[in-house]
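Topology and contacts: notes
Residues per chain are reported as follows:
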Amino acid sequence: MYSYGQVEAIKTNLEWIVNQATLNHVTPSRTDQKALFDLLELIHSYEILLDLISEYGTDVIDTHIAEGLAVTEKLIAKLKKSAKAI
């Protein structure tokens, strides 16, 4: 089960990825813009999840949400690995 701190860390990592992507001064492609928008939506979803955890506890994290968090962690790991390779 995920804790508040773990969900917050995932959200923080997503924010870091968005910030790194926007530091590049080249205008992002349409595909990149869509990916950034999707990441921003995901960040917003995790903000809502954090609010729910604060109010109701970690019981709000069901199996499907936990699976989504795990997939997001894998994505973050891949993106950070790629960033270090550059």
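Above: the structure in question.
Residues numbered from 1 in each chain as written. Predicted model: local features only at pLDDT ≥ 70, side-chain atom pairs only at ≥ 80, totals over all residues. Heavy atoms only, no water.

**Regarding the nonpolar core**
Formally: The nonpolar core is taken to be a set of buried Ala, Val, Leu, Ile, Met, Phe, Trp, Tyr and Cys residues, with the residues joined through side-chain atoms within 4.5 Å. Exposure categories follow from relative accessible area, calculated using a 1.4 Å probe and restricted to protein chains: below 20% of the type maximum is buried, above 50% is exposed, and the middle band is partly exposed. Secondary structure elements follow DSSP: runs of H or I of four or more residues count as helices, runs of E of two or more count as strands, with numbering from the N terminus. Here, two residues are considered to be in contact whenever any of their heavy atoms come within 4.5 Å of each other.
Core analysis: the largest hydrophobic core is formed by 16 residues, its most contacted members being V7, I10, L14, L49, I61 and L69. Those elements that provide at least two residues to this core are helix 1 (4-23), helix 2 (30-56) and helix 3 (63-85). No other element matches helix 2, which puts seven residues into this core. Residues within four places of V7 in sequence aside, it is in contact with Y2, Y46, L49, L50, I53, I61 and L69.

**With respect to the pattern of salt bridges**
What counts here: Salt bridges, as used here, are contacts in which a Lys or Arg side-chain nitrogen is within 4 Å of a carboxyl oxygen on Asp or Glu.
For the structure shown, the criterion picks out three salt bridges. Note that K11 is salt-bridged to E15, the shortest N-O span being 2.9 Å. Remark: E15 and K11 occur in helix 1; sequence separation between them is four residues, near one turn of the helix. When the shortest N-O distance is used, the salt bridge between K11 and E47 registers 4.0 Å. With K11 in helix 1 and E47 in helix 2, the pair connects residues that are 36 residues apart, well separated along the chain. You can call K11 buried: its relative accessible area is 13%.

**A short note on the layout of surface pockets**
Unoccupied space between atoms shows up once a probe the size of one water molecule is rolled over them. The line we're drawing: A cavity, in this analysis, means grid points on a 1 Å lattice covering only the protein atoms where a 1.4 Å probe fits yet has no way out; a pocket is instead an open set bounded by protein on both sides within 12 Å along at least five of seven lines, and a residue lines either one if it has an atom within 4 Å of a point. Grid points are joined across faces, edges and corners, and a volume is the space filled by probe spheres set on the points. Classification convention: Asp, Glu, Lys, Arg as charged; Ala, Val, Leu, Ile, Met, Phe, Trp, Tyr, Cys, Pro as nonpolar; all other residues, Gly among them, as polar.
Taken as a whole, the largest pocket holds about 560 Å³ of empty space. Lining the largest pocket are 19 residues, with I17, Q20, A21, D32 and L36 positioned closest to its centre. Elements represented by at least two residues in the lining of the largest pocket include exactly helix 1, helix 2 and helix 3. Top element by residues in the lining of the largest pocket is helix 1. It accounts for five residues. Looking at the lining of the largest pocket, its residues break down into twelve nonpolar, six polar and one charged.

**Structural notes on helix 1**
What counts here: The span one expects for a helix is its residue count, reduced by one, times 1.5 Å. In this description, one arc is meant: the one made by directions from the helix axis to the C-beta atoms.
Taking 1.5 Å per residue as the helical rise, helix 1 with its 20 residues ought to reach 28 Å, and the 29 Å between its terminal C-alpha atoms agrees with that figure. Those residues of helix 1 that sit buried are V7, I10, K11, L14, I17 and V18. Along helix 1, the residues classed as buried sweep out an arc of 110° about the axis, all on the same side.

This is a description of form; function is not addressed.
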